[in-house]
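Observations on the model geometry
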Amino acid sequence: MSLPNLAPIPELYVSYESAQKLKAEAGNLPSWDMTARQICDLELLMNGGFNPLKGFMSEADYDSVVETMRTASGALFPIPITLDVNEKFAETIEPGQDIALRDQEGVILAILSVTDKWLPNKANEAAKVFGADDLAHPAVNYLHNQAGRVYLGGPITGIQQPVHYDFKGRRDTPNELRAFFRKMGWRKVVAFQTRNPLHRAHQELTFRAAREAQANLLIHPVVGMTKPGDVDHFTRVRCYEAVLDKYPQSTTTMSLLNLAMRMAGPREAVWHGIIRKNHGCTHFIVGRDHAGPGKNSAGQDFYGPYDAQTLFAEHATEIGIEMVDFKHMVYVQEKAQYYPANEVPENTTVLDISGTELRRRLREGIDIPEWFSFPEVVRELRRTSPPRAQQGFTVFFTGLSGSGKSTIANALMVKLMEMGGRPVTLLDGDVVRKHLSSELGFSKEHRDINIKRIGYVASEITKNGGIAICAPIAPYTATRRAVREMVEAFGAFIEVHVATAIEECERRDRKGLYKLAREGKIKEFTGISDPYEAPTKAELVVDTEGTDVDHCAHQVILKLESLGLIRG
Ligand code: PPS
């Protein structure tokens with residue numbers, strides 16, 4: 001058998017001496033503070049994980065990748081790797097200039113020699129790369145609602161790796177892994193990509209995949225950015241470490257990959273293959289609905305279940321990595337062991353617990369059997385996800401001025417405090433504007449900043465096990481969604497639309513503001529001279545006309561009970 005090519009691949013770093021010099025000089029360059037996703041991309045560009053890319057894509061490469069999955073020079077690369085910036089920064093930059101790329105603490109990681117600056121067609125990028133311009137796709141939502149409007153492209157000069165303080169010993173560059181495989185004499189390595197905790201079925205399938213390929217196994221979980229709502233990587237890595245002990249010694253290793261996933265299904269699978277090839281692997285496990293983003297806004301899957309496998313198979317030879325089919329493993333009760341779902345012996349009982357069921361059991365503190373997962377893994381998951389009734393959450397009221405949000409929110413706060421158990425914080429619109437957002441007005445931009453500040457505070461409260469009650473107008477759907485995402489990373493988000501009609505709010509006019517708005521004395525007044533995008537997917541809609549405050553607050557309490565967030 002021929003030896004795999006485990007020679008080092010090119011990195012974009014300069015020598016230590018040059019890096020010191022460049023770093024000193026770069027202090028005078030215009031600098032860009034990178035987002036978390038850009039830092040992930042930069043790390044893999046610099047360490048060769050995205051080989052053969054040499055920097056953030058130029059316009060020609062970007063256009064070509066979007067349309068054909070290939071760079072302008074024909075190299076297979078299915079995902080655009082671009083540096084998005086805001087217009088204000090872009091105005092100060094022209095092709096030909098160098099800029100310093102900094103991490104979130106201001107440390108200079110690299111120099112970008114800008115060759116291209118352009119306004120991308122994001123709708124086209126969404127349609128071609130992600131399959132649909134649909135905001136239900138997390139990467140499409142990111143593209144439209146988080147990424148800057150302008151892209152900069154050009155080669156990178158790497159100065160230093162992004163700093164990680166966690167699991168340092170478990171992070172490897174492609175060349176470090178290649179060197180490890182060389183040293184261990186591992187000729188064939190099957191890589192397993194994951195963004196979820198591993199349970200027994202995963203351990204069985206990965207072990208089986210490696211055995212069938214007569215290869216060693218690399219558990220290669222993504223710890224950069226995964227799908228919003230996933231189990232955080234700290235918990236997952238502790239779980240993976242527990243599972244690692246279950247493989248026969250010296251057959252398997254684990255390394256953490258600081259990739260920012262896009263959930264791009266088929267294209268993403270090909271991208272994952274290229275990345276694993278760069279890390280020295282010879283085989284790659286591709287499953288059903290690999291890197292799938294869930295349902296689209298019409299409630300259907302974005303991609304067919306085997307689209308990723310089909311696209312991968314078409315490109316496997318060119319990538320130089322073999323695809324290994326992911327076998328769905330199920331537990332057969334009578335045999336007390338796992339079987340591939342299509343090899344289950346006749347007249348036996350198959351046991352399985354779906355992801356949804358697992359989450360329900362964690363949420364409600366119900367037993368998770370040992371045949372399903374390892375006790376160490378369940379313990380870790382329970383530490384991170386205590387039963388829902390002990391987790392933090394956010395109730396987010398939205399509605400017009402004078403709709404009754406604050407009054408209901410106050411009543412709810414008192415009822416929750418009477419129950420006790422968790423600290424409760426009320427972030428009322430007026431109070432926030434006094435303490436957190438006193439410099440802001442009511443333009444769209446300012447309202448968005450205001451709501452995102454509230455969302456940030458609420459997400460911190462939720463993360464730390466408290467209850468945040470928010471009561472701003474929050475007129476824009478996209479901003480409410482951004483807040484939902486921030487909070488749902490840590491706990492439940494319950495949007496309550498206080499759906500009092502504008503006529504009723506104006507009739508009440510408790511603060512006299514509607515009158516002033518009608519007279520044109522207050523500009524940009526929500527519902528009169530400024531928009532209010534009513535929620536279409538709120539967890540609860542309350543009607544304050546004909547229903548008293550106590551009853552409205554009680555409706556919220558009932559909702560919280562039905563979600564298991566409080567005990568009745
Ligand atoms: S937003 O859009 O969510 O940032 O607004 P919010 O922070 O909730 O602030 C709304 C309160 O500010 C008063 N106010 C106005 N509301 C809407 N439009 C304009 N132009 C405006 N100017 C002042 C108003 O009292 C709102 O309070 P509530 O409690 O909603 O009545």
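Residues numbered from 1 in each chain as written. Predicted model: local features only at pLDDT ≥ 70, side-chain atom pairs only at ≥ 80, totals over all residues.

**What about the domain arrangement of the protein?**
Examined at the domain level, the protein breaks down into domain 1 (16-158), domain 2 (168-257 + 263-330) and domain 3 (388-562). Taking only C-alpha atoms into account, the centre of domain 1 sits 25 Å from that of domain 2. At the interface, 22 residues of domain 1 touch 26 residues of domain 2. Among the elements of the structure, helix H2 (36-46), helix H5 (122-130) and helix H6 (138-145) are those that each provide at least two residues to the side of domain 1 that touches domain 2. Element by element, the count of residues in the side of domain 1 that touches domain 2 is highest for H2, at 3 residues. (Domains from an automatic or database assignment. Contact = placed C-beta atoms within 7 Å. Helix = DSSP H or I, 4+ residues; strand = E, 2+ residues; numbered from the N terminus.)

**Focus on the packing of helix H16 (residues 444-463) against helix H17 (residues 477-488)**
It is the contact of H16 with H17, at a shortest axis distance of 8 Å, that shows an interaxial angle of 20°. Considering their axes alone, H16 and H17 lie roughly parallel with respect to each other. Here H16 runs over H17; the crossing is right-handed. Residues Asp 448, Ile 451, Lys 452, Gly 455, Tyr 456, Ala 458, Ser 459 and Thr 462 of H16 touch H17, and the partners they reach there are Thr 479, Ala 482, Val 483, Met 486 and Val 487. (Axes fitted to C-alpha atoms, helices over the stretch in contact; angles between N-to-C directions. Parallel < 35°, antiparallel > 145°, perpendicular 65-115°, else oblique. Left-handed = near helix turned anticlockwise from the far one by under 90°.)

**Brief notes about the sheet that holds strand E17 (residues 424-428)**
The 5 strands are arranged E17-E18-E16-E19-E20 in an open sheet whose pairing can be described as parallel. Lying at the two open borders of the sheet, with one neighbouring strand each, are E17 and strand E20 (540-542). The mean angle between the axes of side-by-side strands here comes to 20°, regardless of whether they run parallel or antiparallel. Where E17 and strand E18 (residues 467-471) come together, 5 bridges link them in parallel fashion. Bridging from a neighbouring strand, Asp 428 pairs with Ala 471 of E18. Each of strand E16 (393-398), E17, E18, strand E19 (492-498) and E20 is contacted by helix H14 (residues 405-419), which is oriented at about 175° to E17, the strand it contacts most. (Pairing = 2+ DSSP bridges.)

**Comments concerning the UniProt feature "domain: Sulphate adenylyltransferase catalytic" (unreviewed entry) in the protein**
Under the UniProt annotation, the feature "domain: Sulphate adenylyltransferase catalytic" (unreviewed entry) is placed at residues 171-383. For residues 171-383, helix accounts for 38% and strand for 15%, while the C-alpha atoms at its two ends are 24 Å apart. (UniProt positions renumbered as here; feature names shortened; annotations may be inferred.)

**What about the site of the ligand?**
Surveying the vicinity of the ligand reveals 21 residues, the closest of which are Ser 401, Gly 429, Phe 442, Pro 472 and Ile 473. If you list the elements that add at least two residues to the shell around the ligand, you get helix H15 (429-435) and H16. Residues belonging to the shell around the ligand are distributed by class as follows: 9 nonpolar, 6 polar and 6 charged. (Near = placed C-beta within 6 Å. Nonpolar A, V, L, I, M, F, W, Y, C, P; charged D, E, K, R; others polar.)

**Thoughts on unusual backbone geometry**
Residue Asn 51 is joined to Pro 52 through a cis peptide bond whose omega torsion reads 15°. Relative to the helices and strands, Pro 52 is located in the loop between H2 and strand E2 (55-56). Positive phi outside glycine occurs at Ala 291, with the angle close to 50°. Non-glycine residue Asp 509 carries a positive phi angle of around 30°. With respect to the helices and strands, the residue Asp 509 is situated in the loop between helix H18 (502-508) and helix H19 (513-518). C-beta crowding within 10 Å serves as the criterion here: with 15 such atoms nearby, Asp 509 is assigned to the partly exposed category. (Buried ≥ 20, exposed ≤ 12 C-beta atoms within 10 Å, placed from the backbone.)

**So, the nonpolar core**
With 101 residues, the main nonpolar core has Leu 45, Leu 101, Ala 110, Leu 112 and Val 190 as its most contacted residues. Residue contributions to this core peak at 6 residues, all from H2. Each of domain 1 (16-158) and domain 2 (168-257 + 263-330) gives at least three residues to this core. If we skip the residues at most four places from it in the chain, Leu 112 touches Gly 55, Phe 56, Leu 83, Asp 98, Ile 99, Leu 101, Leu 152, Gly 154 and Ile 156. (Core = buried A, V, L, I, M, F, W, Y, C linked by C-beta atoms within 7 Å.)

**Comments concerning the environment of Asn 86**
Mapped onto the elements, Asn 86 comes out in the loop between strand E3 (83-85) and helix H4 (87-91). Under the C-beta neighbour-count criterion, Asn 86 is labelled exposed, with 12 such atoms within 10 Å. Residues Asn 86 and Val 150 lie 64 residues apart in sequence; the distance between their C-alpha atoms is 6.1 Å. Leave out the neighbours within four places in its chain, and Asn 86 touches Gly 148 and Arg 149.

**Some details on helix H11 (residues 307-319)**
Look at H11: 17 Å from first C-alpha to last across 13 residues, which is about the 18 Å you get at 1.5 Å a residue. At Ala 313, H11 shows its strongest bend, of approximately 40°. When we look at burial in H11, the residues that qualify are Ala 308, Gln 309, Leu 311, Phe 312 and Ile 319. Buried positions along H11 lie against helix H10 (265-278), strand E11 (283-286) and strand E12 (322-325). Note on H11: the residue one or two positions beyond its end, Gly 320, has a positive phi of about 90°. (Expected span 1.5 Å × (residues − 1). Bend = angle between axes of the 7 residues up to and from the residue.)

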